[in-house]
Structure formats: structure tokens, C-alpha cells
Amino acid sequence: MTGELMNKKKLIEAEVEKTLQCFDQPEKIESSPFFFTRVQAAINALEKKETESGISSIFENVLRPAFIGGIVLINLITAGFTLSRQDTRRTTKSQVIYSFAEEYAFTQNDYDILKMNEVR
Amino acid sequence: MKNAPSKYIDSVNFKELVLEHQNRVLNIIFRFLNNKEDAEDVAQDVFVKVYQNLPTFQGKAQLSTWIHRIAVNKSLDFRRKRNRKKRLGEFKQLTGFNDVEEKLETPEASNPHSVLESKERALILKRAVDSLSKKQRTAIILNKYEGFSYQEVAAIMQTTLPAVESLIHKGMKNLRKKLFDYFRITM
């Protein structure tokens, strides 16, 4: 029985060694003839992608702030224009009251009352 | 492709570099992945990375060592992702989320009384190597399959010579044990 076991152990060890010999004749594979073309295509695709992302980063870093700045500037100009028009209108009203008071020879007191009741 | 990717190499020589190293790189990757199509895809990624990083290659290691290191790292990354996908697939099947039936690996028909064909033997060895730890597997693949010297393996793995010696010694011991257990059951 022990002899049989010894025999089996030896057989197994022989199989192990035989299997390990496969390291000496490894299966070799060859790359396809179009391998470099594929590598080249992958590099070109990557570079194209990088260029596109470069363009979008120009938009993000330069064009977007410029656009926002432009909008703010337009708003400021519009606000300034509107305020200056309101001032002109107020000056015109004061002038009308003054000339009205002068025409009807109002006293200073009457003029002040008119001025106080000025419709804004 | 732009001109002159590096001071070490120009775009014309890049083609020569690929042609010179493609088969070695492909075979290294193939040892890790055991699939030719996957190996070709990963090899392609390796050379794209080589092209991208050539301008920063400082020449501290040999160019070939550097390329082989990229190949090993890419292979290990691919394996990790593939295993993660496999685990997710198994989980989906268990939970019933996956409708597609996954292909199951069919065990090789082994006849203990017949002499093992060399292909079958090579497959058994491959599976045993595959079951080793990551570092042992890498060292064994590079040294035993690809014939790199211990020094070269150390350079590729960015480790010391004694560490490589230890990895290969322990790896071979583990391989013998795994193969012994396999044959003890099948014989």
C-alpha cells in the first residue's frame, strides 16, 4: 500500500516536472500586420480629441468671460442712459414750474408750495 | 502624428520602435490576459502611452525596460478591470439583474489514463500561473515565459534583485504545490 502511494507520488511529481517544462516552449503570438496602422490611428484620434478640447477650453477661458463682460457693460450703459434721462426730465419740470411762477408773478412762498407738490 | 515626440526619438523612428518591440510587448501582455484580441488592444494602448510620454522619458532606465514596464502595468490594470466586470456580472446573475446568460468556462476533459497533450499541459500550467499572487505571477511570467534575466525583471518591476529571486523561488514552490494538488485529484 505504501509502495503504491510512493509510486503515485513519483508519477505525480513526474507530471508536475513535465508540465513545468512547458515554460521552455511557450506559445508565441504574432501581432497583426496592421498593428502600427492601428496605433497610428489611435494616436491621431487622441490628438484630434485634445485639439477639440483645446478649442472648448479657449471658449471656456476667454470667450465666456468676454461674453459675460459684454453683457455687464451693456447693462451699465443702459442703466446710465436711463438715469441721465430721468435727471433731464426732472430739470425740465423744475424749469416749467419756475417759468410758470415767473409768468404769474408768484411770490417765493407760492413757488415753494408748487415745488413741494411737484409730481415726480 | 506630430513631429519629434522626444529628443530620444522622432516620428519616423517611432514606427521603427513599434515594429521592433510590438511582438515582445504583445507576448508579455498575452501571458497576463490569455486572449489575443485583448492583448492586441492593450498593446495598442501601451504604444499610445509610449508615444505620449516619450517627451518626458528621462532615460534613467533602458527604453525597452520602460516599454515593458508600461506593458506589465497596463496588463495588470486590464486584468483588474476584467475581474471587476466579471464579479459584477456574477452579482447581476445572482440578483437576477442580468438577462444575458454569461458563458461559463467549460472544464477541460481530462483523461487521467491518457498522455496529456502538450497544449492541455500548457493550459494547466497557465491556469496555475494565473492563480499565483500578482507579484509572483509577474516575476514568473517575465522570467520563465519571456526569458528576462532576474536583473531585467527587477528593472521592469522596479524592485531589487533579492526581491525578484525570492518572488521566483516562492512562486515556483507554489506552482509545484498547485500542480501536485491538481494531478493528485485528476490522476
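The numbering scheme is per chain: residues are counted from 1 as the chain's sequence reads. To read the labels, note that chains go from A and ligands from 1, taken in the order they are written. Side-chain atom pairs in this predicted model are given and counted only at pLDDT of 80 or more, local residue features only at pLDDT of at least 70, and totals for whole chains, interfaces and linings cover all residues.

Colleague: I'd like a description of the overall build of chain B, backed by residues and values.
Modeller: Each helix and strand in chain B was counted, giving seven helices and zero strands. Residues counted as buried form 30% of the 187 residues belonging to chain B. In chain B, the proportion of contacts linking residues at least 24 apart, taken out of those at least 6 apart, comes to 58%. Secondary structure elements follow DSSP: runs of H or I no shorter than four residues count as helices, runs of E no shorter than two count as strands, and numbering proceeds from the N terminus. In this scheme the burial state of a residue depends on its C-beta neighbours within 10 Å: 20 or more other such atoms mean buried, 12 or fewer mean exposed, and anything in between means partly exposed; the C-beta positions come from the backbone. Our contact criterion uses C-beta atoms placed from the backbone: two residues qualify when those atoms are within 7 Å.

Colleague: Just give me the short version of the overall build of chain A, but keep the residues and values in it.
Modeller: Secondary structure assignment for chain A yields three helices and zero strands. Secondary structure elements in chain A, listed N-terminal to C-terminal, are α-α-α. Looking at the 120 residues of chain A, the share that counts as buried comes to 7%.

Colleague: Explain the confidence of the model for chain A to me, using residue names and the numbers behind them.
Modeller: In the predicted model, chain A carries a mean pLDDT of 82, and 86% of its residues have values of at least 70. Ranking the helices and strands of chain A by mean pLDDT puts helix α1 (residues 2-20) of chain A first, with 89, and helix α3 (residues 108-116) of chain A last, with 72. Residue-level confidence of the predictor, termed pLDDT, takes values from 0 up to 100.

Colleague: Now, about helix α6 (residues 150-157) of chain B: what can you tell me, with residues and values included?
Modeller: Taken residue by residue, α6(B) has B:Val153, B:Ala154, B:Ala155, B:Ile156 and B:Met157 as its buried positions. Taken from the residues just after α6(B), B:Gln158 is the one with a positive phi, measuring 55°.

Colleague: Describe the interface of chain A and chain B, naming the residues involved and giving the relevant values.
Modeller: Note: interface size is frequently given as the accessible area lost on complex formation between the parts. Between chain A and chain B, the contact holds 25 residues from the first and 28 residues from the second. Counting residues per element, the ones that place at least two in the side of chain A that touches chain B are α1 and α2 (35-103) of chain A. Put simply, Ala, Val, Leu, Ile, Met, Phe, Trp, Tyr, Cys and Pro go in the nonpolar bin, Asp, Glu, Lys and Arg in the charged bin, and everything else, Gly too, in the polar bin. A breakdown of the residues in the side of chain A that touches chain B according to their chemical character gives 14 nonpolar, five polar and six charged.

Colleague: Hey, could you go over the nonpolar core for me, with residue numbers and the actual values?
Modeller: By our criterion, buried Ala, Val, Leu, Ile, Met, Phe, Trp, Tyr and Cys residues that link up through C-beta atoms within 7 Å make up a nonpolar core. If you look at the biggest cluster of nonpolar residues, it comprises 45 residues, and the most contacted ones within it are B:Val25, B:Ile29, B:Ala43 and B:Val153. Sorting the residues of this core by element identifies α2 of chain A together with α1 (11-33), α2 (36-53), α3 (63-95), α4 (118-130), α5 (134-145), α6 and α7 (161-186) of chain B as the ones contributing at least two each. It is α1(B) that contributes the most residues to this core, nine residues altogether. Domain start and stop positions are those given by an automatic or database domain assignment. Looking at which domains feed residues into this core, each of domain 1 (1-104) and domain 2 (105-187) of chain B supplies at least three. In this structure, B:Ala43 is in contact with A:Ser31, B:Gln22, B:Val25, B:Leu26 and B:Ile29, ignoring residues within four places of it in sequence.

Colleague: Run through α1(A), naming residues and quoting values.
Modeller: Residues and elements named next belong to chain A. The span one expects for a helix is its residue count, reduced by one, times 1.5 Å. Under the 1.5 Å per step criterion, the end-to-end length of α1 is 27 Å for 19 residues, consistent within 8% with the ideal 27 Å. Those residues of α1 not exposed but buried are Glu15, Val16 and Thr19. Burial along α1 is one-sided: seen end-on, the buried residues are contained in an arc of 100°. Turned more than 90 degrees away from the buried face of α1, the exposed residues are Thr2, Gly3, Met6, Asn7, Lys10, Ala14 and Glu17. What the arc measures is the spread of directions leading from the helix axis to the C-beta atoms.

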